Amino acid sequence: AQTVTQSQPEMSVQEAETVTLSCTYDTSESDYYLFWYKQPPSRQMILVIRQEAYKQQNATENRFSVNFQKAAKSFSLKISDSQLGDAAMYFCAYRRQNSGGSNYKLTFGKGTLLTVNP
Amino acid sequence: EAGVTQFPSHSVIEKGQTVTLRCDPISGHDNLYWYRRVMGKEIKFLLHFVKESKQDESGMPNNRFLAERTGGTYSTLKVQPAELEDSGVYFCASSPRGRPRVETQYFGPGTRLLVL
């Protein structure tokens with residue numbers, strides 16, 4: 001079974017600085033997807049960024065980028081120029097690439113609570 | 001476009017009572033997922049509907065949990081009778097069908113269930 005590990009329960013960063021959130025995963029499959037979701041306080045979870053395992057290039061979305069190391073099974077999230085609105089719980093998630101099937105359930109880590117200090 | 005909505009936002013019940021959670025997915029989304037997060041632990045998959053059919057219910061903890069999706073629109077998750085360990089946040093997510101390589105699951109705000 002796949003597992004996702006986020007080793008940092010909490011992180012903090014100064015506004016305008018850069019922070020990196022760690023995520024490792026365990027799988028025997030070669031094709032899969034990885035996601036970072038963000039859940040602000042009392043608000044719903046939204047997708048921040050996704051990475052397809054067959055792509056070597058790291059995904060980037062504005063101030064958010066990932067460092068995807070497939071051999072090491074590592075998928076860290078870097079937030080540049082941190083803003084107060086980035087404060088949230090961040091979840092790393094894994095999804096299989098089922099060929100011929102239709103079950104795309106996500107496997108999540110425990111989450112990292114990010115605090116942004118003004 | 002309205003997002004995924006869930007009702008109620010909070011529920012406090014006593015052990016042994018019954019609670020029904022509701023999820024309204026984004027209109028037109030055939031895939032509907034239920035997840036649960038127990039305090040301090042991972043968000044865990046419960047089950048997956050494709051339209052009104054249960055595609056995968058391998059994550060359902062036991063037979064006290066019953067999920068339905070009549071007509072392939074909204075879904076309900078009933079817990080009967082509720083136990084203390086059922087406390088947690090129940091999330092619903094939906095996604096459109098037919099584009100697995102670009103599928104994104106859109107989450108609702110969750111229902112916070114506390115069983116006393």
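Here is a short report on the structure shown in this document.

Each value, and the rule that gives it
- Residues numbered from 1 in each chain as written.
- Chains lettered and ligands numbered in written order.
- Predicted model: local features only at pLDDT ≥ 70, side-chain atom pairs only at ≥ 80, totals over all residues.
- Heavy atoms only, no water.
- Helix = DSSP H or I, 4+ residues; strand = E, 2+ residues; numbered from the N terminus.
- Rg over C-alpha atoms; globule rule 2.2 N^0.38 Å.
- Buried < 20%, exposed > 50% of the residue type's maximum accessible area, 1.4 Å probe, protein only.
- Contact = heavy atoms within 4.5 Å.
- Areas by Shrake-Rupley, 256 points an atom, 1.4 Å probe, with all protein chains shown as cover.
- Pairing = 2+ DSSP bridges.
- Disulfide = S-S within 2.5 Å.
- Axes fitted to C-alpha atoms, helices over the stretch in contact; angles between N-to-C directions.

### Considering the overall build of chain B
Along the backbone of chain B there are 0 helices and 11 strands. Listed by position from the N terminus, the elements making up chain B come as β-β-β-β-β-β-β-β-β-β-β. A compact globule built from 116 residues would reach a C-alpha radius of gyration of about 13 Å, and chain B, at 14 Å, matches this within 12%. Relative to its full complement of 116 residues, chain B shows a buried share of 48%. Looking at chain B alone, contacts between residues at least 24 apart form 52% of all its contacts between residues at least 6 apart. On chain B, roughly 5800 Å² of surface is accessible, and the fraction owed to carbon and sulfur atoms is 50%.

### A word on the pairing of strand 7 (residues 65–68) of chain B
All names here are of chain B. The alternating pattern of strand 7 places Phe 65 and Ala 67 on a buried face, while none of Leu 66 and Glu 68, on the opposite face, is buried. In this structure, strand 7 lies alongside strand 8 (residues 75–79), joined through 4 bridges in antiparallel fashion. Its bridge partner lying in strand 8, Leu 66 is registered against Lys 78. In this structure, the hairpin formed by strand 7 and strand 8 is closed by a connection of 6 residues, where Gly 71 is found at a positive phi of approximately 75 degrees.

### A closer look at the state of the cysteines
All names here are of chain A. For the coordinates displayed, the defined rule picks out 2 disulfides over all chains. Paired by a disulfide, Cys 23 and Cys 92 hold their sulfur atoms 2.0 Å apart. The sign of the -70 degrees torsion about the S-S bond sets the Cys 23-Cys 92 disulfide as left-handed. Note that Cys 23 is positioned in the loop between strand 3 (19–21) and strand 4 (24–26) and Cys 92 in strand 10 (residues 88–96), a separation of 69 residues in sequence. On the accessibility criterion, Cys 92 (0% relative accessible area) is buried.

### Digging into the pairing of strand 6 (residues 46–52) of chain A
Looking along a regular strand, one sees side chains alternate from face to face of the sheet. All names here are of chain A. Of all 7 residues making up strand 6, 5 are buried, and the element is well covered by its neighbours. In this sheet, strand 6 lies alongside strand 5 (residues 32–39) in antiparallel orientation, the contact comprising 6 bridges. Residue pairing across strands places Tyr 33 opposite Glu 52, the latter belonging to strand 6. The hairpin formed by strand 5 and strand 6 contains 6 residues between the paired strands, and Ser 42 there has a positive phi angle of roughly 60 degrees.

### With respect to the sheet that holds strand 8 of chain B
Two orientations exist for strands paired in a sheet by backbone hydrogen bonds: parallel and antiparallel. Residue and element names in this part refer to chain B. If you walk across this open sheet you meet the 4 strands as 1-3-8-7, and the pairing is antiparallel. Of all the strands in the sheet, just strand 1 (5–7) and strand 7 have a single pairing partner and so form its edges. Sheet twist, expressed as the average angle between the axes of neighbouring strands with direction ignored, equals 15 degrees. Of the strand pairs in this sheet, strand 1 and strand 3 (residues 19–24) are connected by 3 bridges, and their pairing is antiparallel. If you follow Gln 6 over to strand 3, its bridge partner there is Cys 23.

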